[in-house]
Amino acid sequence: MQHATLGSSLDVGAIGLGCMGLTYAYSTSRVDRADAVALIRRALDLGVTLLDTADMYGPETNERLVGEAIAGRRNEVVLATKFGIEYREQVAGSPRGINGRPEYVRAACDASLRRLGVDHVDLYYQHRVDPDVPIEDTVGAMSRLVEQGKVRQLGLSEASAATIRRAHAVHPIAALQTEYSLWSRDPEDEVLPLCRELGIGFVAYSPLGRGFLSGRFRSLDDLAEDDWRRGSPRFQGENFARNLALVDRIEDLAAEKDCTPSQLALAWLVAQAQVVPIPGTTSRGRLEQNVAAAGITLSAEELAAIDAIAPRGVAAGARYPDAGLREVDR
């Protein structure tokens, strides 16, 4: 496994593991807990070090799962979790809200440490920016967690370039986590260049387009009835058909490279400076394929060919429904 550095000192494997889908968002009715624990441990065996979870995945069940999986192997893990998406009484038609208040930061961190069964996390993200709380106040509270030894490094997720710069002025930000893939290249406009300027690592979630870029889905019927992706604009109607045409072109390039479409998409991300993708999966076989992508080298000609078929804005449909879009890039 190649390695990368997030911020000034977090050494991680070039490909991490997003643990969300083991308990949340996608259909999890078929994911046995023992199998999920075994999958995380297999990832560590393969050289994966960055494990990504959050208090809202479940909610809370994902952190407990990760904590169980890393018991006895804590020193092999760069452990990342998040706070800020809060489940509470129905507010404005939604059962969840965004909370960046300093007192909530402290309470959320303590609760995550208990669920994970650890005395510190290596990377602590604000999951979504709270528009009602100055980012300076939130990051100020996060920095005190560093002083107390509960957190090693700080991160933000889905923050705008302006917010990242303000946050970094309060305390160094080690990593920015945002959706980034061959069909979600918006970070290249402002956020990724700023991260490179400031020395902030970039963690790419949904690096396989929520699984679409793997080529596994040929129709909406391939998704379980309770799968969150059924409500995603990119999986709807004409958008699905147009995005499928993109996947067909990626499959052609992957065949020429003698790799899978997923491996091509991940290798493209690994080739981008300061980017660490965190694909998720419930399959041991796909996990092993994903990790192997770190060893695939793409030539300048191959990178140009990928850019030609997957330029910025190539995906049909927004990456979130309207409610989700209001929570990002702010």
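Under an unreviewed UniProt entry, the name given to the protein chain is Aldo/keto reductase, and the source organism is Dokdonella ginsengisoli.

A.B. asks: Sorry, what's going on with the overall build of the protein chain here?
C.D. replies: On a plain count of helices and strands, the protein chain comes out with 11 helices and 12 strands. For the protein chain, the C-alpha radius of gyration of 19 Å lies close to 20 Å, the compact-globule estimate for 330 residues. Taken over the C-alpha atoms alone, the protein chain extends approximately 50 × 45 × 40 Å along its principal axes. Across the 330 residues that make up the protein chain, the buried fraction comes to 56%. A fraction of 74% describes how many contacts in the protein chain between residues 6 or more apart in sequence connect residues 24 or more apart. Of the roughly 13300 Å² of accessible surface on the protein chain, a fraction of 47% belongs to carbon and sulfur atoms. Taken as two groups, the 37 positive and 46 negative side-chain charges of the protein chain have centres that lie 2 Å from each other.

A.B. asks: In this structure, what is going on with the nonpolar core? I would like to understand it.
C.D. replies: In summary, soluble globular proteins display a tendency toward joint burial of nonpolar side chains. Formed by 84 residues in total, the largest nonpolar core has its most connected members in Leu17, Ile40, Leu51, Leu156, Leu176 and Phe202. If we skip the residues at most four places from it in the chain, isoleucine 40 touches Leu17, Cys19, Leu22, Leu51, Leu65, Val66 and Ala69. In terms of nonpolar packing, the next biggest core, distinct from the first, is built from 16 residues, Val78, Tyr125, Ile278 and Tyr320 among them.

A.B. asks: Just checking my understanding: could you explain the packing of aromatic side chains for this structure?
C.D. replies: Two measures describe an aromatic ring pair: the distance that separates the ring centres and the angle between the ring planes. Applying the stated criterion to the full structure yields 11 aromatic pairs. Relative to phenylalanine 240, the ring of phenylalanine 212 has its centre 4.9 Å away and its plane inclined at 65°; by these criteria the two rings are edge-to-face. One end of the pair, phenylalanine 212, is in the loop between β11 (201-205) and α7 (237-257); the other, phenylalanine 240, is in helix α7, and 28 residues separate them in sequence. A ring pair is formed by phenylalanine 235 and phenylalanine 240, whose centres lie 6.2 Å apart and whose planes are at 65°; its orientation type is edge-to-face. Phenylalanine 240 carries the same exposure label as phenylalanine 235, and that label is buried. Within the aromatic cluster, the residues linked to one another by ring pairs are Trp183, Phe212, Phe217, Phe235 and Phe240. Positioned above the aromatic ring of tryptophan 183 is the side chain of arginine 234, whose terminal nitrogen or guanidinium carbon lies 5.0 Å from the ring centre.

A.B. asks: Mind showing me how you'd approach the side chain of aspartate 227 here?
C.D. replies: Structurally, aspartate 227 can be placed in the loop between β11 and α7. Relative accessible area serves as the criterion here: at 6%, aspartate 227 is assigned to the buried category. There is a polar contact of 2.7 Å between the side chain of aspartate 227 and the side chain of arginine 229.

Quick notes on the rules
Residues numbered from 1 in each chain as written. Predicted model: local features only at pLDDT ≥ 70, side-chain atom pairs only at ≥ 80, totals over all residues. Heavy atoms only, no water. Helix = DSSP H or I, 4+ residues; strand = E, 2+ residues; numbered from the N terminus. Rg over C-alpha atoms; globule rule 2.2 N^0.38 Å. Buried < 20%, exposed > 50% of the residue type's maximum accessible area, 1.4 Å probe, protein only. Contact = heavy atoms within 4.5 Å. Areas by Shrake-Rupley, 256 points an atom, 1.4 Å probe, with all protein chains shown as cover. Lys, Arg positive; Asp, Glu negative; His and termini not counted. Charge placed at Lys NZ, Arg CZ, Asp CG, Glu CD. Core = buried A, V, L, I, M, F, W, Y, C linked by side-chain atoms within 4.5 Å. Phe/Tyr/Trp six-rings, centres within 6.5 Å; stacked < 30°, edge-to-face > 60°. Lys NZ or Arg CZ within 6 Å of the ring centre and 35° of its normal. Polar contact = N/O pair within 3.5 Å; in protein donor to acceptor, adjacent residues only side chain to side chain.

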